[in-house]
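Listed below are the residues making up each chain.
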Amino acid sequence: MELDSKIERIVQHVIEDVEQNYKDKHTSQLDTKEITKIIENCQHALFPALFGNRETVSEFSNKYEIGGHVESIYTLLVYETTRALLYHPKYAKSPKFARKEKAKQIALQFLDQLPKIHDYLKTDIQAAFEGDPAATSYDEIVYSYPGFYAIFVNRIAHELYLLDVPLIPRIMTEQAHSKTGIDIHPGVTIGQYFFIDHGTGVVIGETTVIGNHVKIYQGVTLGGLSTRDGQKLRSVKRHPTICDNVTIYSNSSVLGGETVIGEGCVIAGNCFITHSIPAHMRVTNQNPELVLKPDKCTSCYEI
């Protein structure tokens with residue numbers, strides 16, 4: 001009985017602690033599944049030939065289907081943005097109807113950007129096809145390339161980020177991160193014809209600026225030099241600028257807000273860069289020296 005009484009007191013203490021924490025810290029419950037549906041509806045609306053209804057046969061029904069997906073984007077975005085605005089310092093204390101009206105404005109502004117997003121994505125597909133000899137078609141890139149999917153989600157999330165929507169852009173890019181292994185913050189500014197080859201382990205920080213015709217490989221980090229000052233660095237440019245026509249090969253790191261990689265540079269694999277590079281430079285590490293020793297056993301190798 002004494003043990004049961006102790007367990008009951010502990011359980012009650014946990015409940016009270018969690019309840020208080022919930023009241024203090026959590027203002028709204030966003031539905032991540034619905035946010036994923038926004039991404040999926042954008043896929044269907046922007047690439048209806050690939051993600052649309054396979055039974056659609058007429059031009060009229062195509063338009064009807066695209067319109068349905070656009071309407072779904074609007075409805076879902078209004079609903080989730082109304083919730084998300086509770087995390088915005090300007091709207092946190094506003095009544096629900098005021099937040100909903102603001103959410104409607106944001107949703108309409110976002111829909112207005114869909115043609116631009118589509119135009120940029122077409123250049124990304126072209127860059128992937130021209131940059132990868134293994135690509136057999138544009139459709140293969142849209143269906144299966146993790147780099148393209150991560151860019152696709154980022155271009156959607158970035159527009160919402162520019163519209164100052166809390167949480168939703170980051171939820172979108174982290175969904176792509178978990179699916180592809182590519183971590184692109186929604187704040188990143190990306191030009192046209194962007195290609196991420198293979199992609200696993202790529203990290204691109206919030207204030208990074210990427211020009212046109214940039215190509216990066218797996219394991220590349222475009223990051224900050226230090227986060228030691230934490231929130232004091234908010235709104236400070238702490239990630240690099242990558243100019244047009246730059247290629248960065250696998251496992252290289254380019255760090256720092258004042259670091260600029262000039263136009264036309266090629267960064268070889270495994271480079272660690274914390275200062276600016278002039279235009280049209282080829283940056284490499286010296287080849288590491290291999291040390292060879294006689295094999296002392298058949299079950300292991302010593303280098």
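Residues numbered from 1 in each chain as written. Predicted model: local features only at pLDDT ≥ 70, side-chain atom pairs only at ≥ 80, totals over all residues. Heavy atoms only, no water.

Colleague: Even after reading the chapter, I still don't get the sheet that holds strand β12 (residues 266–267), so can you show me in this structure?
Modeller: Strand pairing in a sheet relies on backbone hydrogen bonds, with the paired strands running either antiparallel or parallel. Pairing in this open sheet of five strands is parallel, and the strands run β3-β6-β9-β12-β14 from one edge to the other. Each edge of the open sheet carries a strand with a single partner, namely β3 (195–196) and β14 (282–283). (Pairing = 2+ DSSP bridges. Helix = DSSP H or I, 4+ residues; strand = E, 2+ residues; numbered from the N terminus.)

Colleague: Just to check I follow, could you spell out the packing of helix α5 (residues 96–131) against helix α7 (residues 146–162) for this structure?
Modeller: The relative placement of two packed helices is expressed as an angle between their axes plus a distance between the axes. Packing of α5 against α7 leaves a shortest axis separation of 10 Å and a crossing angle of 155 degrees. Judged by the inter-axis angle, α5 sits roughly antiparallel to α7. As α5 runs across α7, the sense of the crossing is right-handed. Contact residues: Phe110, Gln113, Lys116, Ile117, Tyr120, Leu121, Asp124 and Ile125 in α5; Phe148, Ile151, Phe152, Arg155, Ile156, Glu159 and Leu160 in α7. Class assignment for the residues of the contact of α5 with α7 results in 10 nonpolar, one polar and four charged. (Axes fitted to C-alpha atoms, helices over the stretch in contact; angles between N-to-C directions. Parallel < 35°, antiparallel > 145°, perpendicular 65-115°, else oblique. Left-handed = near helix turned anticlockwise from the far one by under 90°. Contact = heavy atoms within 4.5 Å. Nonpolar A, V, L, I, M, F, W, Y, C, P; charged D, E, K, R; others polar.)

Colleague: Is there a simple way to explain helix α8 (residues 168–180) in this structure?
Modeller: A turn of α-helix holds 3.6 residues, and therefore any two residues three or four places apart point the same way. The terminal C-alpha atoms of α8 lie 18 Å apart, and with 13 residues this matches the ideal 18 Å at 1.5 Å per residue to within 8%. Among the residues of α8, those classed as buried are Ile168, Pro169, Met172, Thr173, Ala176 and Thr180. Angular distribution of buried residues about the axis of α8 spans 135 degrees; they occupy a single face of the element. Following α8 by one or two positions, glycine 181 has its phi on the positive side, about 80 degrees. (Expected span 1.5 Å × (residues − 1). Buried < 20%, exposed > 50% of the residue type's maximum accessible area, 1.4 Å probe, protein only. Arc of directions from axis to C-beta.)

Colleague: Explanation requested: unusual backbone geometry in the structure shown.
Modeller: Excluding glycine, most residues fall at negative phi; most peptide bonds, likewise, are trans. Residue tyrosine 193 is not a glycine yet carries a positive backbone phi of 60 degrees. Note on placement: tyrosine 193 falls in the loop between β2 (189–190) and β3. Assessed through its relative accessible area of 22%, tyrosine 193 is described here as partly exposed. The backbone of asparagine 251 sits at a positive phi, close to 65 degrees, despite the residue not being glycine. Considering the arrangement of structural elements, one finds asparagine 251 in the loop between β9 (247–248) and β10 (253–255). Under the relative-accessibility criterion, asparagine 251 is labelled partly exposed at 43%.

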